[in-house]
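Analysis of the macromolecular model
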Amino acid sequence: MELNKGPVGVFDSGYGGLTILNEFLREFPDYDFIYLGDNARTPYGTRSFEMVYQYTRQSVMRLFEMGCQLVILACNTASAKALRTIQQKDLPAFDSSRRVLGVVRPSVEKIGEVSRNGHVGVVGTSGTVQSMSYPLEIQKLFPGTVVSQQACPMWVPLVENDERNTPGADFFVKRDLNKLFEQDSSIDTVILGCTHYPLLTPVIERFLPADVRVMSQGQIVAKSLQDYLQRHPEMDQRCTRNATCEFFTTEDPAKFDEASAVFLNQPVASRRIDL
Ligand code: DGL
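Now for a look at the structure at hand. (Residues numbered from 1 in each chain as written. Predicted model: local features only at pLDDT ≥ 70, side-chain atom pairs only at ≥ 80, totals over all residues. Heavy atoms only, no water.)

We now examine the packing of helix α1 (residues 18–27) against helix α11 (residues 217–231). Contact pair α1 / α11: the axes reach a minimum separation of 8 Å and the direction vectors enclose 45 degrees. As summarised for this structure, α1 and α11 are arranged oblique, according to the angle between their axes. Every pair of crossing elements has a handedness; the one defined by α1 and α11 is right-handed. Contacts from T19, I20, E23, F24 and E27 of α1 reach α11 at Q217, G218, Q219, V221, A222, K223, L225 and Q226. (Axes fitted to C-alpha atoms, helices over the stretch in contact; angles between N-to-C directions. Helix = DSSP H or I, 4+ residues; strand = E, 2+ residues; numbered from the N terminus. Parallel < 35°, antiparallel > 145°, perpendicular 65-115°, else oblique. Left-handed = near helix turned anticlockwise from the far one by under 90°. Contact = heavy atoms within 4.5 Å.)

Mapping R41 onto the fold places it in the loop between β2 (33–37) and α2 (49–65). For R41, a relative accessible area of 18% translates into the label buried. (Buried < 20%, exposed > 50% of the residue type's maximum accessible area, 1.4 Å probe, protein only.)

Around the ligand there are 14 residues in total, and S13, Y44, G45, N76 and T77 lie nearest to it. Contact between the ligand and Y44: an oxygen atom at 2.6 Å from a main-chain N or O atom of the residue. For the ligand, an oxygen atom lies 2.7 Å from a polar atom in the side chain of T77. Within the complex, the protein chains bury 99% of what would otherwise be the 300 Å² of accessible surface of the ligand. Each residue belonging to the shell around the ligand can be placed in one class, and the counts come to 5 nonpolar, 8 polar and 1 charged. (Near = heavy atom within 4 Å. Polar contact = N/O pair within 3.5 Å; in protein donor to acceptor, adjacent residues only side chain to side chain. Areas by Shrake-Rupley, 256 points an atom, 1.4 Å probe, with all protein chains shown as cover. Nonpolar A, V, L, I, M, F, W, Y, C, P; charged D, E, K, R; others polar.)

In structure tokens form, the structure reads like this:
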């Protein structure tokens with residue numbers, strides 16, 4: 001029987017997932033990718049469960065229509081609020097051979113190697129923090145870990161508006177990290193639980209104690225995908241390999257192409273898509 005084959009779909013509410021795509025392109029140079037940014041409806045971080053689920057579901061279905069057999073939700077908010085329902089409800093109804101994976105679980109799996117004292121801090125959007133996905137997943141894999149969370153609602157707009165190197169960015173990053181460490185001064189590992197945040201790493205590191213480790217997700221998720229494809233050769237065979245990468249946005253392509261330069265190490269020529 002002829003296998004259905006297609007590119008790997010990478011989805012984010014906007015530009016943040018490009019920090020994950022960067023690492024995919026490095027790790028899988030011959031694979032095909034389609035990136036979809038729902039820029040018209042970003043941010044997801046402040047939206048209800050229902051809206052994040054509906055928007056994410058529409059985007060995943062669109063990527064399926066474009067031939068993707070495997071879709072990565074390169075967005076913590078979508079992974080936290082929509083992934084489980086899509087896996088449990090939508091995939092069996094649509095096509096149980098396709099797969100949708102997220103970014104929360106691979107990040108959590110790494111904690112055991114990184115944290116030395118079991119005190120972990122998570123920064124993310126309000127939606128990711130409220131979902132409690134990180135604390136719940138961490139307790140499942142590493143019971144006894146002390147997890148503190150801080151929502152940082154200003155960090156995504158700072159990145160989206162290229163305000164990273166401004167006094168405003170310093171103010172909000174310092175304020176939110178202080179709030180995190182007020183909850184637990186023993187934190188030795190901070191997970192950047194939002195795909196936009198790696199762009200703020202230089203600022204974040206300036207306001208963290210020197211011995212605190214910062215976990216950003218790009219490489220972790222890319223390694224985890226490699227591991228997944230090795231364990232699931234049937235899915236690996238369904239990923240086409242012509243070294244292409246296409247970009248779609250629900251907003252203005254010219255705007256997307258220009259802004260992407262901050263996130264991605266290669267030029268982007270996107271197309272507009274309606275969901
Ligand atoms: N990049 C998304 C994440 O990882 C957040 C951006 C948004 O709020 O839409 O959670």
